[in-house]
Amino acid sequence: GDGDGAADATDVDETVLAGVRPLSDFLLPLTADQIEALLVTPAQLAKGYARGLSVVGPHDRLTFCFTSAYGKTMHKSAGSQLLMDAAAPLVGAVGDDALDRDNMPALHGRLRLFAPEELLLLFGFPRWFSFPAVLSQRNRWKLIGQSINVVAVAEVAKLLLADGALA
């Protein structure tokens, strides 16, 4: 990357990404109230660190790693935020040209966190999986951030079992 804090896909071979689904495949139809609760606040967008946030759009196929600090710490290393109305991918060689990082407050009402249920889908959990209702949104994010991708684990297990590495 160029050090501005944005996710950078310029070093990723497009043939590798060809089979990766866009984030829009994992987004849920949220209500206006649900979206409102996930919006990055004007105060957060006015902070100096906002320029370095990882911002992705529905058409992107890469994000920063989502950690247990997601939703608690506003930093690129905690995970990406979603620019809901991005008309084209933001991550990659053309990406940062579409995002004015010197005017992050202009993104208020358009930039939100991913819902915990959307992150479950990104992590490969089945659509029927849900958290216990007693868990707060913050605790849901924390648990997801302490998880690993279910699909990746299944693929590694298949390879290990196929090669007899566990025998």
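### Brief notes about the overall build of the chain
Helices and strands together make up the secondary structure of the chain, namely 6 helices and 3 strands. Reading the chain from its N terminus to its C terminus gives the helix and strand order α-α-α-β-β-β-α-α-α. Of all intrachain contacts in the chain linking residues separated by at least 6 positions in sequence, the fraction that spans at least 24 positions is 78%. Of the accessible surface of the chain, which amounts to about 9,400 Å², a share of 59% is contributed by carbon and sulfur atoms.

### So, the layout of surface pockets
For the largest pocket, the calculated volume is near 520 Å³. Lining the largest pocket we find 19 residues, and of these Phe26, Leu121, Leu122, Phe123 and Asn149 sit closest to its centre.

### Remarks on the nonpolar core
Membership of the largest hydrophobic core comes to 20 residues, with the highest contact counts inside it found for Phe66, Tyr70, Phe114, Leu119 and Leu122. At the level of secondary structure, the elements contributing two or more residues to this core comprise α4 (116–122) and α5 (137–145). The dominant element in this core, judged by the number of residues it contributes, is α4, at 4 residues. Residue contacts for phenylalanine 114: discarding those within four places in its chain leaves Leu23, Leu27, Leu38, Val56, Phe66, Tyr70, Ser80, Gln81, Leu82, Leu119, Leu122 and Trp141.

### Section: the side chain of arginine 101
Take arginine 101: it is sitting in the loop between β2 (81–83) and β3 (111–112). Note on arginine 101: relative accessible area 7%, which makes it buried. Among the polar contacts made by the side chain of arginine 101, one reaches the main-chain carbonyl oxygen of arginine 51 at a distance of 2.6 Å.

### A few points about the environment of serine 130
Position of serine 130 among the secondary structure elements: in the loop between α4 and α5. Classification of serine 130 as exposed rests on a relative accessible area of 53%. A sequence separation of 10 residues divides serine 130 from leucine 120, and the C-alpha atoms of the two residues are 8.6 Å apart.

### Considerations on the sheet that holds strand β1 (residues 55–56)
Taken together, the 3 strands give an open sheet; going across it, the order is β1-β2-β3, and neighbouring strands pair in mixed fashion. Unpaired on one side and paired on the other, β1 and β3 mark the two borders of the sheet. The sheet contact formed by β2 and β3 spans 2 bridges and is antiparallel. Each residue of the ladder has a partner; that of leucine 83, found in β3, is leucine 111.

### Re helix α6 (residues 150–162)
The end-to-end C-alpha separation of α6 is 18 Å, in line with the 18 Å expected for 13 residues at 1.5 Å each. Capping the start of α6, asparagine 149 holds a side-chain oxygen 2.8 Å from the backbone nitrogen of valine 151, two or three residues further along.

### Brief notes about the packing of aromatic side chains
Enumeration according to the criterion identifies 5 aromatic pairs in this entry. Ring centres 5.0 Å apart and planes at 85° place the aromatic pair phenylalanine 66 and tyrosine 70 in the edge-to-face group. Both residues of the pair, phenylalanine 66 and tyrosine 70, count as buried. Ring geometry for tyrosine 70 against tryptophan 141: centres 5.6 Å apart, planes inclined by 90°, an arrangement best described as edge-to-face. On the criterion of sequence distance, the pair formed by tyrosine 70 in the loop between β1 and β2 and tryptophan 141 in helix α5 is long-range, its members being 71 residues apart. The residues tyrosine 70 and tryptophan 141 share a single accessibility class, namely buried. Through a chain of ring-to-ring contacts, the aromatic side chains of Phe66, Tyr70, Phe114 and Trp141 assemble into a single cluster.

The rules we used
- Residues numbered from 1 in each chain as written.
- Predicted model: local features only at pLDDT ≥ 70, side-chain atom pairs only at ≥ 80, totals over all residues.
- Heavy atoms only, no water.
- Helix = DSSP H or I, 4+ residues; strand = E, 2+ residues; numbered from the N terminus.
- Contact = heavy atoms within 4.5 Å.
- Areas by Shrake-Rupley, 256 points an atom, 1.4 Å probe, with all protein chains shown as cover.
- 1 Å grid on protein atoms, 1.4 Å probe; cavity = no way out; pocket = protein on both sides within 12 Å on 5 of 7 lines; lining within 4 Å.
- Points joined across faces, edges and corners; volume = space filled by probe spheres on them.
- Core = buried A, V, L, I, M, F, W, Y, C linked by side-chain atoms within 4.5 Å.
- Buried < 20%, exposed > 50% of the residue type's maximum accessible area, 1.4 Å probe, protein only.
- Polar contact = N/O pair within 3.5 Å; in protein donor to acceptor, adjacent residues only side chain to side chain.
- Pairing = 2+ DSSP bridges.
- Expected span 1.5 Å × (residues − 1).
- Phe/Tyr/Trp six-rings, centres within 6.5 Å; stacked < 30°, edge-to-face > 60°.

Shape is all these values report; function is a separate question.
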